[in-house]
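# Structure assessment
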Amino acid sequence: MGRSFDKSLAWRERAKAALVGGGQPHKQSNPPQPVMVAGGKGAHFWDADGNDYIDYLMGYGPMILGHAYPTVIEAVAKALERGNVYNVGHTLEIELAEKLVEIIPSADRVAYFVGGSDATTGALKFARAYTEKEKVIRCGYHGWHDWCHNTRGHLPGSAASTLSVGFNDIDALEDLFKEHPGEIACLIMEPSGHDLPAEGYLENVKSVVNANDALLIFDEVKTGFRYALGGAQEYFGVTPDMSVFGKALANGFATAVVVGRQEIMDEVAGVWVAATFHGEVSLVAAAIATIAELEAKDGVTFMWNQGTKLLDGYREMTDRLGIDQARIGGIGPMPFFGLNAVGEKQSQFRRTFYEATLDGGLYLPEGHIWFMSISHTDEDIAKTLNVSEDALKRAKAVT
C-alpha cells in the first residue's frame, strides 16, 4: 500500500469515545478504504491524511452537482440572511413545489420531509390513509424505519404489516395480492438500480397494483434527477400514483419530498406528517439552486455521457484482458463496476484490485451502485479507466 491512514485512524479512535458505535455503521470502513474524510470539492474528496480520491459514491448519491458546489452554497447563504425556520409557510416552499410539479410526471401536489427514510414513511402513511388498508409491499431499500428494516430494536408489529417482493418478478407480485385480498394499501418500489426493469415490467406492475385498488409508489430517492429531471418515471414513461424524491434534490442538503396525483394528495391533506424542519429555508433554497444548475448545464445529459463512457470503457477493458469475474451494470447516470469473489483466488484478485485503485486515487464503492455528478470531468473518467486497467493487470499478475 502506498497511502498512509495514520491520521484517519487516530480520528477514528476519538470517534469511538464520542459517537455511538464510533459513527454510523454504513459510513465506517477499514484500510484499504478511506477512513475519515476531511473535505471535498467537485468530484473529489480528501481524507485526514491528505489522500485525494475521485469519488464515485458522492455521499451515497446526494452530490449530483459536486461537493461544495458554489451556486448552491451561494443560494443557501443568501436565503439564510433572511432566516431559516418559521412558524408559518414561506414563499420558497411554493416556488420549489411549483417547479417539481412542472418537471415530475406524478407530481400534482408536494409534501416536504427531511431525509429519504422520513419521506418513504410519510408516503406509506398517505397510502394507508387514502386506501384505508394496512399492509404494504416493498421492493428495494427504503430506509431505516421499523416498517422496512427489521433489525434489533425495531417494532415487530410495524414490520409485520410489510410484505416483500423481488424486482422484475411480476408473478410473485400477483401472488401477494391473491394471498392478501383487499388488504394491501400500496407497493413502494425502486424503479431501477443495479438491475434495470425488464421490458414491460413497470407497466405490468402499475396494472396489477391499480387493479387491486392499491397505490403504486416509486421510491426515486436514488434515481430522481439522474435518469431524467423527472426521474426514472420520466425516463421509462411509467407514471406512479405517488413518488418519493430526496438525495440529489438539494445537492447534499437533507430535504426530501413526497409528490402525488391531485385526487390522492388533496384527500390526505389532513394526515399529520408535520415537523419543525419540513420545508426548512436552507434545504429548499439548495433544491431550487440545484435544479436550476442541472437545467442550465444540461446536467442529466452530461451524467449520461460520462457514465456511459465508464461503462463502455470497463466492458472493453475486461473483454480485452479476459476478466470473467467482472460485474458491470446500471446505466449512464448510475453505473456499476464490481468483481465477484467466490473462493480464495477471486477474493485475492478483488482485494488486489481495490487496493491498487485506492493507491491510484480512486474511490470505487464495493457492491454499491455508483453515482455520477456534473463535476466528473473527462480527465476523471480517463484516469479512472487507466488506473482500473493497471489494477486489473496487477491483480492478474498476483493470482
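Numbering of residues starts from 1 in every chain and runs along the sequence as written. pLDDT decides what is reported in this predicted model: residues at 70 or higher carry local features, side-chain atom pairs at 80 or more are listed and counted, and totals for whole chains, interfaces and linings draw on all residues regardless. Side-chain metrics in this entry use all non-hydrogen atoms of the structure; hydrogen atoms and water are not considered.

### Brief notes about the overall build of the chain
The test is simple: Where helices and strands are cited, they refer to DSSP runs of H or I of at least four residues and of E of at least two residues respectively, numbered from the N terminus. Atoms counted for the radius of gyration: C-alpha only. Globule rule: 2.2 Å times the number of residues to the power 0.38. Whether a residue is buried, partly exposed or exposed follows from its accessible area with a 1.4 Å probe, protein chains only, as a fraction of its type maximum: under 20%, in between, or over 50%, in that order. A contact between two residues is defined here by any heavy atoms of the two lying within 4.5 Å. Accessible areas in this description were obtained via Shrake-Rupley with a 1.4 Å probe; residue shielding takes into account the shown protein chains only. Counted as positive: Lys and Arg. Counted as negative: Asp and Glu, with His and the chain ends omitted from the count. For the purpose of locating charges, the reference atoms are NZ of Lys, CZ of Arg, CG of Asp and CD of Glu.
Check the secondary structure of the chain and you find 13 helices and 13 strands. Relative to its length of 399 residues, the chain is compact, with a C-alpha radius of gyration of 22 Å against a globular reference of 21 Å. Structurally, the chain occupies a C-alpha span of about 60 × 55 × 45 Å along its principal axes. Counting only residues that meet the buried cut, the chain has 52% of its 399 residues in that class. Taking the intrachain contacts of the chain between residues at least 6 apart in sequence as the baseline, contacts between residues at least 24 apart amount to 73%. For the chain, the exposed area adds up to about 17,700 Å²; of that, 52% sits on carbon and sulfur atoms. The average position of the 35 basic charges and that of the 52 acidic charges among the side chains of the chain differ by 6 Å.

### Observations concerning the sheet that holds strand 3 (residues 52-55)
Rules: Two strands qualify as a pair provided DSSP detects at least 2 bridges between them.
An order of 1-2-3-13 is seen for the 4 strands of this open sheet, with the pairing classed as mixed. Pairing within the sheet leaves two strands with one partner each, and these edge strands are strand 1 (37-41) and strand 13 (362-363). Bridging between strand 2 (residues 44-47) and strand 3 involves 3 bridges; their strand directions are antiparallel. In the strand pairing of strand 3, Phe 45 is matched with Tyr 53.

### Some thoughts on helix 13 (residues 378-398)
This is how the line gets drawn: One less than the residue count of a helix, multiplied by 1.5 Å, gives the span that helix is expected to have.
With 21 residues, helix 13 extends 31 Å between its outermost C-alpha atoms, agreeing within 8% with the 30 Å of an ideal straight helix rising 1.5 Å per residue. What helix 13 keeps buried is the set Asp 380, Ile 381, Thr 384, Leu 385, Val 387, Ser 388, Glu 389, Ala 391, Leu 392 and Ala 395.

### Considerations on the packing of helix 11 (residues 299-321) against helix 13
Test applied: Every axis corresponds to a line fitted to the C-alpha atoms, with the helix fit spanning only the stretch in contact, and the corresponding angles, defined between N-to-C directions, vary from 0 to 180 degrees. Should an angle fall under 35 degrees it is taken as roughly parallel, and over 145 as roughly antiparallel, whereas 65 to 115 is taken as roughly perpendicular and any remaining angle as oblique. By convention, the crossing between two helices is left-handed when the near helix turns anticlockwise from the far helix through less than a right angle, and right-handed when the turn is clockwise. Gly counts as polar in this scheme, as do all residues outside two lists: the nonpolar Ala, Val, Leu, Ile, Met, Phe, Trp, Tyr, Cys and Pro, and the charged Asp, Glu, Lys and Arg.
Following both chains from N to C, one finds helix 11 and helix 13 inclined at 25°, their axes separated by 10 Å at the closest point. In terms of their interaxial angle, helix 11 and helix 13 are classed as roughly parallel. The two elements helix 11 and helix 13 meet at a crossing, and its hand is right-handed. Mapping the contact onto sequence places Gln 306, Lys 309, Leu 310, Gly 313, Tyr 314, Met 317, Thr 318, Arg 320 and Leu 321 in helix 11 and Asp 378, Ile 381, Thr 384, Leu 385, Ser 388, Glu 389, Leu 392, Lys 393 and Lys 396 in helix 13. Of the residues in the contact of helix 11 with helix 13, the class split is 7 nonpolar, 5 polar and 6 charged.

### Focus on the sheet that holds strand 8 (residues 215-219)
Strand order in the open sheet made by the 7 strands is 4-10-9-8-7-5-6, with mixed pairing throughout. Here the strands that pair on one side only, and so sit at the sheet edges, are strand 4 (109-114) and strand 6 (162-164). Pairwise comparison of adjacent strand axes, ignoring direction, gives a mean angle of 20° for this sheet.

### A short note on the layout of surface pockets
Where we set the bar: Using a grid of 1 Å spacing that covers the protein atoms alone, one calls a set of points a cavity when a 1.4 Å probe fits there but cannot get out, and a pocket when the set is open and has protein on both sides within 12 Å along at least five of seven lines; lining residues are those with an atom within 4 Å of a point. Grid points are joined across faces, edges and corners, and a volume is the space filled by probe spheres set on the points.
The computed volume of the largest pocket comes to approximately 1,400 Å³. As for the largest pocket, its lining consists of 45 residues, and the residues nearest its centre are His 26, Tyr 60, Ser 117, Tyr 141 and Lys 247. For the lining of the largest pocket, the element with the most residues is helix 4 (residues 116-131), which contributes 4 residues.

### Notes on a negative patch on the surface
Using the following cut-off: In this analysis, a patch consists of residues with relative accessible area above 30% that form no salt bridge, clustered at 9 Å for like charges and at 5 Å for the nonpolar side chains Val, Leu, Ile, Met, Phe, Trp and Tyr. A carboxyl oxygen of Asp or Glu within 4 Å of a side-chain nitrogen of Lys or Arg is what we treat as a salt bridge.
A contiguous patch of negative charge on the surface is contributed by Asp 169, Asp 171, Glu 174, Asp 175 and Glu 179. Residue position: Glu 174 is located in helix 6 (residues 170-179). Classification of Glu 174 by relative accessible area gives partly exposed; the value is 31%.

### Some words on the nonpolar core
For clarity, the threshold we go by: We call a set of buried Ala, Val, Leu, Ile, Met, Phe, Trp, Tyr and Cys residues a nonpolar core when their side-chain atoms join them within 4.5 Å.
With 72 residues, the main nonpolar core has Leu 100 and Phe 225 as its most contacted residues. Of all the elements, helix 10 (residues 281-296) adds the most residues to this core, at 8 residues. Within the second largest apolar cluster, 24 residues are counted, among which are Ala 111, Phe 113, Phe 126 and Met 242.

### With respect to the pattern of salt bridges
Between side chains of opposite charge, pairing is possible as soon as their charged atoms come close. For the structure shown, the criterion picks out 16 salt bridges. With its nearest N and O atoms 3.0 Å apart, the salt bridge here joins Arg 351 to Glu 344. Relative accessible area serves as the criterion here: at 41%, Arg 351 is assigned to the partly exposed category. Note on Glu 344: relative accessible area 53%, which makes it exposed.

### A word on the packing of helix 12 (residues 343-359) against helix 13
Viewed as axis vectors pointing N to C, helix 12 and helix 13 meet at an angle of 145°, and their least axial separation amounts to 8 Å. Read as a crossing pair, helix 12 and helix 13 show a hand that is right-handed. Here Gln 348, Phe 349, Thr 352, Phe 353, Ala 356, Thr 357 and Asp 359 of helix 12 come into contact with helix 13, specifically with Val 387, Ser 388, Ala 391, Leu 392, Arg 394, Ala 395, Lys 396 and Val 398. Its residues placed into classes, the contact of helix 12 with helix 13 shows 8 nonpolar, 4 polar and 3 charged.

### Regarding the environment of Leu 311
Along the chain, Leu 311 turns up in helix 11. With relative accessibility at 6%, the residue Leu 311 sits in the buried group. Residue contacts for Leu 311: discarding those within four places in its chain leaves Ile 328, Gly 329, Gly 330, Ile 331, Gly 332, Pro 335 and Phe 336.

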